[in-house]
Amino acid sequence: MIFDSLGASFIYGFLIRRGKLSGIADIDIKKPIFFILGFGLEFGVLNLTDKYPIIMTYRAYIHFLDYLMLFIGLWYNRHNKYMNVIAIGIILNFIVIFVNGGRMPVSINALNAAGISYLVPELQKNVIPTHQAMTAATKLKFLCDILYLPKPYPLPKTFSIGDLFIATGIFLMVSNAMIKASKKVKI
């Protein structure tokens, strides 16, 4: 949902509100390396598991390290009100992931409703390192990937309440930076 949020903030902040793209450069993100490392770990787990099956053995530890990097990055950016919205989402996702063994539970019903049922077999085979099928034993179901965006949305998906907070924080941060830049007085 990060890219969806970035796209929506571009449409709203730049095209609709006539903001300036240069405003994005004015976003003050302290210690961005922690966000880069966190997302890099997630990307690695998702894309290297087939090549290195041992990742599945240590996936919960790697996922924990991923979140640790994000938490450190958020701590350095706690002055940013939009980062605080993002932090709420990350904390909610962290809680539900780790009370359920280190992977985000996904509702099979939500996948079907979103029109992406082709993902169900992989979840049920338990081979996705970051996600798992939601079951009767799943804890905190209301925080799991139970929400969905179906077609005609171009990228149907399931998502969690935490994801919604993260996307909202990103949208507000980026779109407001563009709008603010357009209001700067030129001398």
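Note: the structure precedes this text.
The shown structure was predicted, so the numbers you read here are calculated from the model rather than taken from an experiment.

Things to note about the environment of P150
- Relative to the helices and strands, P150 is located in the loop between β3 (147–149) and β4 (157–159).
- Under the relative-accessibility criterion, P150 is labelled partly exposed at 31%.
- The spatial distance from the C-alpha of P150 to the C-alpha of N93 is 22 Å, given a sequence separation of 57 residues.
- Once you skip the residues sitting within four places of it in the chain, P150 turns out to touch A113, A114 and P156.

Quick notes on the packing of helix α4 (residues 59–76) against helix α5 (residues 81–99)
- Interaxial distance between α4 and α5 falls to 11 Å at its minimum, and their mutual angle equals 160 degrees. If you check the angle between α4 and α5, you find them roughly antiparallel. The element α4 and its partner α5 pack so that their crossing is left-handed. Residues A60, H63, F64, Y67, L70, F71 and L74 of α4 touch α5, and the partners they reach there are M83, I86, A87, I90, I91, N93, F94, I97 and F98.
- Here the residues of the contact of α4 with α5 sort into 14 nonpolar, 2 polar and no charged.

Quick notes on the pattern of salt bridges
- The final tally for this structure, using the stated rule, is 3 salt bridges.
- D28 is the partner of K30 in a salt bridge, and the nearest nitrogen-oxygen pair spans 2.8 Å.
- We classify K30 as partly exposed; its relative accessible area is 37%.
- Of the charged contacts in the structure, one is a salt bridge between E122 and K125, with a shortest N-O distance of 3.4 Å. Of this pair, E122 and K125 both sit in helix α7 (residues 120–125), 3 residues apart, which is roughly one turn of that helix.
- We classify K125 as exposed; its relative accessible area is 53%.

Regarding unusual backbone geometry
- The omega torsion across K151 and P152 is 20 degrees, close enough to zero to call that bond cis.
- You can see P152 is positioned in the loop between β3 and β4.
- Notably, R18 is not glycine yet its phi reads approximately 60 degrees, a positive angle.
- Along the chain, R18 turns up in the loop between α1 (2–16) and α2 (33–48).
- In this structure R18 comes out as exposed when scored by relative accessible area, which is 64%.
- A positive phi angle, close to 65 degrees, is found at N126, a residue other than glycine.

Looking at the environment of K20
- Take K20: it is sitting in the loop between α1 and α2.
- According to the relative accessible area criterion, K20 is partly exposed, its value standing at 29%.
- Along the chain, K20 and S175 lie 155 residues apart, while their C-alpha atoms are 9.3 Å from each other.

Criteria and cut-off values
- Residues numbered from 1 in each chain as written.
- Predicted model: local features only at pLDDT ≥ 70, side-chain atom pairs only at ≥ 80, totals over all residues.
- Heavy atoms only, no water.
- Helix = DSSP H or I, 4+ residues; strand = E, 2+ residues; numbered from the N terminus.
- Buried < 20%, exposed > 50% of the residue type's maximum accessible area, 1.4 Å probe, protein only.
- Contact = heavy atoms within 4.5 Å.
- Axes fitted to C-alpha atoms, helices over the stretch in contact; angles between N-to-C directions.
- Parallel < 35°, antiparallel > 145°, perpendicular 65-115°, else oblique.
- Left-handed = near helix turned anticlockwise from the far one by under 90°.
- Nonpolar A, V, L, I, M, F, W, Y, C, P; charged D, E, K, R; others polar.
- Salt bridge = Lys/Arg side-chain N within 4 Å of Asp/Glu carboxyl O.

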